[in-house]
Amino acid sequence: MDFETQYAAYQAAIEAYLNRLFTAEKPYGKLYEAIRYSLLSGGKRIRPVLTLEFARLGGTDWHLALPYACALELMHNYSLIHDDLPCMDDDDLRRGRPTNHKVYGESLAVLAGDALQPEAFRLIAQAPMMSAENRLEAIQVLCRACGADGMVAGQVLDTVCDVADEDGLRELNRLKTGVMISAAVELGCVAAKMPTTMRMQALEYAAQLGLAFQIQDDILDVTGDEAVFGKPIGSDREEGKITFVDLKGIDGCRKEVADCTARAKAAIASWGDRMFLLELADQLVSREK
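These lines cover the structure that appears in this document, whether it is placed above or below. This is a predicted model, so every value here is computed, not measured.

## Topic: the nonpolar core
Step number 1: The biggest cluster of nonpolar side chains holds 80 residues, and the ones touching the most others in it are Leu 50, Phe 54, Tyr 68, Leu 74, Tyr 205 and Leu 277.
Step number 2: If sequence neighbours within four positions are ignored, Leu 277 has contacts with Leu 50, Glu 53, Phe 54, Leu 57, Tyr 205, Ile 268 and Trp 271.
Step number 3: Counting 12 residues, the second-largest nonpolar core is a separate cluster that includes Leu 211, Ala 212, Ile 219 and Phe 244.

Now the structure itself:
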């Protein structure tokens, strides 16, 4: 199956799974509405796609990994809702639409994000066809990625600390963006019970891909088209944030993205069935949103 067909199959399964969530009639139905507004607003679904692909590469039926993949997507969307809040990045647009708090107000946006976190763990805990030990390991992977030493720590570095040097930026980007991409890959490895050596190679692929992804975001924040990018251009500079573009310039950042992508590909060079991952890495380098 070619890359586009496989990606479309993953996306269709992810969208169908997510669309079944938060549909019941409730007296607090506005909460479900706010959750679905962000959760079903599109996006590339890169993280859950990675989970499903690594589950497939590990030799399992990738459909069985959908609860793990979609749990990560719930956690990712919680982070986006909170990241856009006035007390954080104060953004008005996300994926070309008004941000959650602009539509539903700050209180409900905060609560929608709050609800998505435990619901993500519920999806894993109730995943059918997975052993209790497997589900527990998956929960631990997600906890590490999004907790106080993971994504939240990255947000602290981004919003509270004045990170201005290259080493600091690498750590900020690893924690804020990279760990969730690594978690996506690792959840697929867990679902498939992938051997340790392959799992370490998968995580190196993810680490390099995550850094390339964030640096490409920094480039697009300067050079992108807001109508395509789906959120304001130049927001980092307006907020006084230092990015890789400030340290390396556009050309230096493009070289860094290319180098990270090459290292990601090298990490899985021994894998026979790697074409999807190679194409995905190239797609992320050339993306415009």
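That shown, we press on.
## Looking at the packing of aromatic side chains
Step number 1: Applying the stated criterion across every chain, the model contains 10 aromatic pairs.
Step number 2: A centroid spacing of 4.7 Å and a plane angle of 35° characterise the contact between Phe 3 and Phe 276, whose relative ring orientation is tilted. With Phe 3 in helix H1 (residues 3-19) and Phe 276 in helix H14 (residues 275-286), the pair connects residues that are 273 residues apart, well separated along the chain.
Step number 3: The interplanar angle of 75° and the centroid separation of 5.9 Å between the aromatic rings of Phe 54 and Trp 271 together place this pair among those described as edge-to-face. Taken together, the positions of Phe 54 in helix H3 (residues 46-57) and Trp 271 in the loop between helix H13 (244-267) and H14 put the pair 217 residues apart, joining distant regions of the chain. Taken as a pair, Phe 54 and Trp 271 share a single burial class, namely buried.
Step number 4: One aromatic cluster is present, formed by Phe 3, Tyr 7, Tyr 10, Trp 62 and Phe 276 through successive ring pairs.
Step number 5: Sitting above the plane of the Phe 213 ring, Arg 47 keeps its charged end 5.6 Å from the centroid.

## Digging into the pattern of salt bridges
Step number 1: Taken as a whole and assessed by the stated rule, the structure comprises 23 salt bridges.
Step number 2: Two residues, Lys 30 and Glu 33, come together in a salt bridge whose shortest N-O distance is 3.5 Å. Highlighted residues: Lys 30 and Glu 33, both in helix H2 (residues 29-39), separated by 3 residues, approximately one helical turn.
Step number 3: Classification of Lys 30 as partly exposed rests on a relative accessible area of 47%.
Step number 4: Accessibility expressed as a relative area gives 37% for Glu 33, which makes it partly exposed.
Step number 5: Asp 273 is the partner of Arg 56 in a salt bridge, and the nearest nitrogen-oxygen pair spans 3.0 Å.

## With respect to empty space enclosed by the protein
Step number 1: In total, this model carries 2 cavities of 30 Å³ or more according to the counting rule given.
Step number 2: Space inside the largest cavity adds up to approximately 110 Å³.
Step number 3: Surrounding the largest cavity, 13 residues form its lining, Ser 38, Ser 41, Asp 84, Arg 94 and Asn 100 being those nearest its centre.
Step number 4: Listed by contribution, the elements that provide at least two residues to the lining of the largest cavity are H2, helix H4 (66-83) and strand E2 (97-98).
Step number 5: The element contributing the most residues to the lining of the largest cavity is H4, with 3 residues.
Step number 6: Looking at side-chain class alone, the lining of the largest cavity contains 4 nonpolar, 5 polar and 4 charged residues.
Step number 7: One number sums up the size of the second largest cavity: a volume of about 30 Å³.
Step number 8: Put simply, the parts of the chain that give the lining of the second largest cavity at least two residues each are helix H10 (196-223), H13 and H14.

Criteria and thresholds
- Residues numbered from 1 in each chain as written.
- Predicted model: local features only at pLDDT ≥ 70, side-chain atom pairs only at ≥ 80, totals over all residues.
- Heavy atoms only, no water.
- Core = buried A, V, L, I, M, F, W, Y, C linked by side-chain atoms within 4.5 Å.
- Buried < 20%, exposed > 50% of the residue type's maximum accessible area, 1.4 Å probe, protein only.
- Contact = heavy atoms within 4.5 Å.
- Phe/Tyr/Trp six-rings, centres within 6.5 Å; stacked < 30°, edge-to-face > 60°.
- Helix = DSSP H or I, 4+ residues; strand = E, 2+ residues; numbered from the N terminus.
- Lys NZ or Arg CZ within 6 Å of the ring centre and 35° of its normal.
- Salt bridge = Lys/Arg side-chain N within 4 Å of Asp/Glu carboxyl O.
- 1 Å grid on protein atoms, 1.4 Å probe; cavity = no way out; pocket = protein on both sides within 12 Å on 5 of 7 lines; lining within 4 Å.
- Points joined across faces, edges and corners; volume = space filled by probe spheres on them.
- Nonpolar A, V, L, I, M, F, W, Y, C, P; charged D, E, K, R; others polar.

Function cannot be read off these values alone, since they describe shape.
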